[in-house]
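Descriptive structure summary
Single-letter residue listing:
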Amino acid sequence: MPEYENMDESPSQGTDNVKPASKPDLPKVSGRAWGRLLKLFHLNTSVIFILATEFFEKIAFFGQRAILVLFFTDGLFLTERKATSLYHVFTFFATTFTILGAFLSDYICGRYRSILIFSVLFLGGATLLSATAYPIPLGRSGVGSYIGLFLISLGFGSIQSNLSHFGADQIGMKEEKQYWTYFSLFYFSVNLASLISGICVPILREDVKCLDADCYPLAFGVCSIAVLVALVIFGVGTPRYKIYPPSGNLFCKVFSATWSALKNKIKWLRNKKEKAREHWLDWADPRYEQDLISDAKKLYNLLVLYPLMPMYWALYEQQGSRWTLQAHEMELSMGSLTLKPDQLQSLNLFFVLFLLPLFEGVIYPQFEKINLLLQPVTRMSIGLFGAVVAFLIAGIVQLQIQKWQLPPQQDGVTELKIFNGALCNLNIDFLENHLVMDQHALSPSYPVPMVPYTLRIAPDHCSLPPVSESINFTTDSKTRSTLFIVQDLKTRELTVTQIPDNTVKILDNLALVRIFPLLGTASPSRNRTVRLKCKPDTTEDLDVKPFVPSAYTPIQFGRCSLELSEGVGLSFTPIEEEVELKQGGVYTIVLHQANNTENVTVQLNIDSWPKTVSVLWQIPQYFVISISEILFVVPGLHLAYTQAPSSMRSVTMAAWFATKGIGNLIVVIVAESTLITNQAVEFFVFAALMGLISLIFLITARFYKYHPIDNRNTEEKETDGLNSEIKSPLPYSNKENVTESNS
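A brief report on the enclosed structure follows. All values derive from a computational prediction rather than experimental measurement.

What about the overall build of the chain?
Within the chain, the regular secondary structure consists of 19 helices and 20 strands. Counting the 743 residues in the chain, one finds 55% classified as buried. When contacts within the chain are restricted to residue pairs at least 6 apart in sequence, those whose partners lie at least 24 apart make up 74%. Surface summary for the chain: the accessible area is close to 32,700 Å², and the carbon and sulfur share equals 61%.

So, the packing of helix α2 (residues 45-66) against helix α10 (residues 216-236)
Where α2 meets α10, the axes come as close as 8 Å, and the angle between the chain directions of the two elements is 165°. The pairing of α2 with α10 is recorded here as roughly antiparallel in orientation. For the element pair α2 and α10, the recorded crossing hand is left-handed. Mapping the contact onto sequence places Phe49, Ile50, Ala52, Thr53, Phe56, Glu57, Ile59, Ala60, Gly63 and Gln64 in α2 and Phe220, Cys223, Ala226, Val227, Val229, Ala230, Ile233, Phe234 and Val236 in α10. Residue composition of the contact of α2 with α10, grouped by class: 15 nonpolar, three polar and one charged.

Here we look at the nonpolar core
Phe71, Tyr182, Tyr312, Phe632, Trp656 and Met690 are the most contacted members of the largest nonpolar core, which totals 122 residues. The dominant element in this core, judged by the number of residues it contributes, is helix α17 (residues 619-642), at 12 residues. Leaving out residues up to four positions away in the same chain, phenylalanine 632 has contacts with Met309, Tyr312, Trp313, Arg379, Met380, Gly383, Leu384 and Trp656. With 22 residues, the next largest nonpolar core counts Val513, Val530, Leu564 and Ile575 among its residues.

Concerning the pattern of salt bridges
Counting across every chain of the model gives 17 salt bridges. Close ionic contact of aspartate 282 with lysine 297 constitutes a salt bridge, the shortest N to O distance being 2.8 Å. You can see aspartate 282 sitting in the loop between α11 (250-271) and α12 (290-303) and its partner lysine 297 sitting in helix α12, a full 15 residues away along the chain. The exposure class assigned to aspartate 282 is partly exposed, which follows from its relative accessible area of 23%. Salt-bridge contacts for arginine 514 lead to aspartate 501; the nearest nitrogen and oxygen are separated by 3.0 Å. On the criterion of sequence distance, the pair formed by arginine 514 in strand β13 (residues 510-519) and aspartate 501 in the loop between β12 (494-500) and β13 is long-range, its members being 13 residues apart. Owing to a relative accessible area of 9%, aspartate 501 belongs among the buried residues under this scheme. Look at the salt bridges and you will find they share partners, linking Lys417, Asp501, Arg514 and Asp607 into a network.

So, the sheet that holds strand β15 (residues 538-544)
Backbone-to-backbone hydrogen bonds join strands into a sheet, with any given pair of strands oriented parallel or antiparallel. A sheet is described by the order of its strands in space; here four strands give the open sequence β15-β14-β17-β18, paired in antiparallel fashion. Edge positions in the sheet fall to β15 and β18 (572-581), since each has one partner strand and no second. Averaged over all pairs of adjacent strands, the angle between their axes in this sheet comes to 25°, without regard to strand direction. In this sheet, β15 lies alongside strand β14 (residues 528-534) in antiparallel orientation, the contact comprising seven bridges. Its bridge partner being in β15, lysine 533 is matched across the sheet by threonine 539.

Some words on a nonpolar patch on the surface
A grouping of Val208, Leu218 and Val222 is seen on the molecular surface, where their side chains present a nonpolar patch of about 180 Å² in accessible area. A residue is classified by how much of its surface remains accessible, and valine 222, at 33% relative accessible area, is partly exposed.

Digging into the state of the cysteines
Applying the stated criterion across every chain, the model contains one disulfide. Residue pairing for cysteine 534: its cysteine sulfur links by disulfide to cysteine 560, the two sulfurs lying 1.9 Å apart. The sign of the 105° torsion about the S-S bond sets the cysteine 534-cysteine 560 disulfide as right-handed. Of this pair, cysteine 534 sits in strand β14 while cysteine 560 sits in strand β17 (residues 558-565), placing them 26 residues apart in sequence. Accessibility classification places cysteine 534 together with cysteine 560 in one group, the buried group.

Re the packing of aromatic side chains
As enumerated under the stated definition, the model contains 41 aromatic pairs in all. Ring geometry for phenylalanine 166 and phenylalanine 234: centres 6.0 Å apart, planes at 55°, overall tilted. Of the two residues, phenylalanine 166 sits in helix α8 (residues 143-169) while phenylalanine 234 sits in helix α10, which places them 68 residues apart along the sequence. Of the two residues examined, phenylalanine 166 and phenylalanine 234, each falls in the buried class. Three or more aromatic residues joined by ring pairs make a cluster, and in this case those are Tyr306, Tyr312, Trp313, Tyr316, Phe632 and Trp656.

Brief notes about the packing of helix α4 (residues 80-96) against helix α5 (residues 98-109)
The contact between α4 and α5 brings their axes to 4 Å, and the two run at 15°. In terms of their interaxial angle, α4 and α5 are classed as roughly parallel. Facing Ala94, Thr95 and Thr96 of α4, the residues of α5 in contact are Thr98, Ile99 and Leu100. Of the residues assigned to the contact of α4 with α5, the class counts are three nonpolar, three polar and no charged.

Concerning the sheet that holds strand β5 (residues 413-421)
Here four strands make up an open sheet; going across it, the order is β8-β5-β11-β12 and the pairing mixed. At either end of the open sheet lies a strand with only one pairing partner, and these are β8 (446-449) and β12. Pairwise comparison of adjacent strand axes, ignoring direction, gives a mean angle of 35° for this sheet. Here β5 runs beside β8; their pairing, made up of four bridges, is antiparallel. Pairing of leucine 416 across the sheet is with tyrosine 446, part of β8.

With respect to α5
Between the first and last C-alpha of α5 there are merely 14 Å, a value that for 12 residues lags more than 12% behind the 16 Å anticipated at 1.5 Å per step. Just past α5, the residue glycine 110 takes up positive phi, approximately 85°.

Some words on the environment of isoleucine 627
Here isoleucine 627 shows up in helix α17. Separated by 245 residues in the primary sequence, isoleucine 627 and isoleucine 382 have C-alpha atoms spaced 9.5 Å apart.

Observations concerning the side chain of arginine 65
By the secondary structure assignment, arginine 65 is in helix α2. Excluding residues within four positions of it along the chain, arginine 65 makes contact with Tyr87, Phe90, Thr91 and Glu317.

Calculation criteria
- Residues numbered from 1 in each chain as written.
- Predicted model: local features only at pLDDT ≥ 70, side-chain atom pairs only at ≥ 80, totals over all residues.
- Heavy atoms only, no water.
- Helix = DSSP H or I, 4+ residues; strand = E, 2+ residues; numbered from the N terminus.
- Buried < 20%, exposed > 50% of the residue type's maximum accessible area, 1.4 Å probe, protein only.
- Contact = heavy atoms within 4.5 Å.
- Areas by Shrake-Rupley, 256 points an atom, 1.4 Å probe, with all protein chains shown as cover.
- Axes fitted to C-alpha atoms, helices over the stretch in contact; angles between N-to-C directions.
- Parallel < 35°, antiparallel > 145°, perpendicular 65-115°, else oblique.
- Left-handed = near helix turned anticlockwise from the far one by under 90°.
- Nonpolar A, V, L, I, M, F, W, Y, C, P; charged D, E, K, R; others polar.
- Core = buried A, V, L, I, M, F, W, Y, C linked by side-chain atoms within 4.5 Å.
- Salt bridge = Lys/Arg side-chain N within 4 Å of Asp/Glu carboxyl O.
- Pairing = 2+ DSSP bridges.
- Patch = residues over 30% accessible without salt bridge, like charges linked within 9 Å, V, L, I, M, F, W, Y side chains within 5 Å.
- Disulfide = S-S within 2.5 Å.
- Phe/Tyr/Trp six-rings, centres within 6.5 Å; stacked < 30°, edge-to-face > 60°.
- Expected span 1.5 Å × (residues − 1).

Here it is as structure tokens:
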């Protein structure tokens, strides 16, 4: 049972920070270093419990979210577009459920009980997600995982509208500087937790195997343990918390007063018999107390900025979806170190942890000396422009990636390559194309319509009869093909075989390889075995049939040696040449053995270019978005608390997170609309929209009016409704309970 303290005692003259005698200004702590730390930041022990709770909850949530888009693609086998949409739908619910948490907190349960209830739901969802993430058909159906994700979004979202403000309630001071310090530490702990989970959880996912697949159950299981730790820490701190009662149906009263003011204002505009009033809310009926009207003015003065914020979150939240998928298409190996695409999000967290103290301790004080960056809305305006720059950089990087990727195919058109496996040069004609191909050469890709047509082949300076064949191509425009031309060693006739190119998704740290064995031995019909030994310790045996291309096989990328066996189960003979397989590359390895010889030559053909652009080129965009985050998010949290009426702070925090949810919804709409198929163009479109919103926000911020911090709640009795014997009157219930507004 929490300890309720009496806050009715009047402060001594000359100070606003004197607390009741029942609790000293700073709690007794053991250890000089710990006590100095509390004094340095002006913290109560209860605030430490709140920061620790937030730390472990963020380890859980951001750990789950870091691997979520890859879980959708690799675990539930969804397309990248569908995975992007579901990722942002999940984030949308996790942020919009803050409204539910704010409603229950302010009107029914109070912040303490709301946090407690929804933490249990968060734990249940995390446990269910971990239990249903096994790589088996039941887990892959997705039903259990989707239910778990819904409970996570419900629990976590409802907590977020209360936890940061519940911690601010513990400060009990009126100086705005103390709130700056608290919210900076709060955000620092959030990013530290996110950094740890963003690095460790992907390692657990990939480096530990569950049934020969990425171990999502273990990764999600560690996150559920973090939720349990957070719940225990929050419960242990209960006796030290200051717990305030819910404010009742105050928000409904505000809307009622708003409706009354609008009706009376419209009536006045029609006849204008009375004298004009300073603010449109002053037209509310006299039955609404002035404190209520004053709070409504503060609320609307703050909320007028919020409609401009969703676009920022639409850009910011793509770190976990589009930017992660972008990293998936980049070269992740740096010497002996190979990064994971879902680890790159940790760059943002690392930069924030490094830059936040720098901004608070050095950059802001220097600008304050010249009267710049003094107000939160000014910092937020610059932060919005930072997001524009970050997405311009992301778009430029994407252009470089797309230079090495196969372009998307047009409807009704497929692509064709030809491999000459004959013993002489060939002249090949099809449609309007004429090729002169050397032996063992692979042609570039040619766009061809999906209709039957005639392929004409003529030998070039060798004794082969002309060949004419009609080739029927597939009607699937997504399937590229290669025509393999081979020559029978006995009859010397040419045969043409159409083989589909790769349609298999390339997983992390892998390349795709198929073997085309042109093995002119005495027994060409006998199956052979090709062994690839790739550094450091990967060995793969491929059974192949001479003159027939094998299926694509995923291979650990690196430098590989080859060995050839005369048959399945027989000894292997090393092949002198080696091949270099790079991450994400798709290759056809041609083994050519002249008739009646033992010499085997190796030819490496690139079907699809490997990942060429280094993932290090993502560092600039993460650095800029991190600066943008410090300038936008921390001042935004501070503004949502200090500029909101004390009785509606959960509502303003819920509105803050709701803008985040709407931003994620914007990404879902763009992803599902398929209006923009080029990813680089999509990045530039987001940057342009953000630039327009930034200009509007900058203009709007110039007219924002600041109000003193409302600390009326700290002068009332504390309760959470947990003890039925302790009751506090609802605000604005009668004249005696009205506290004068600070505005």
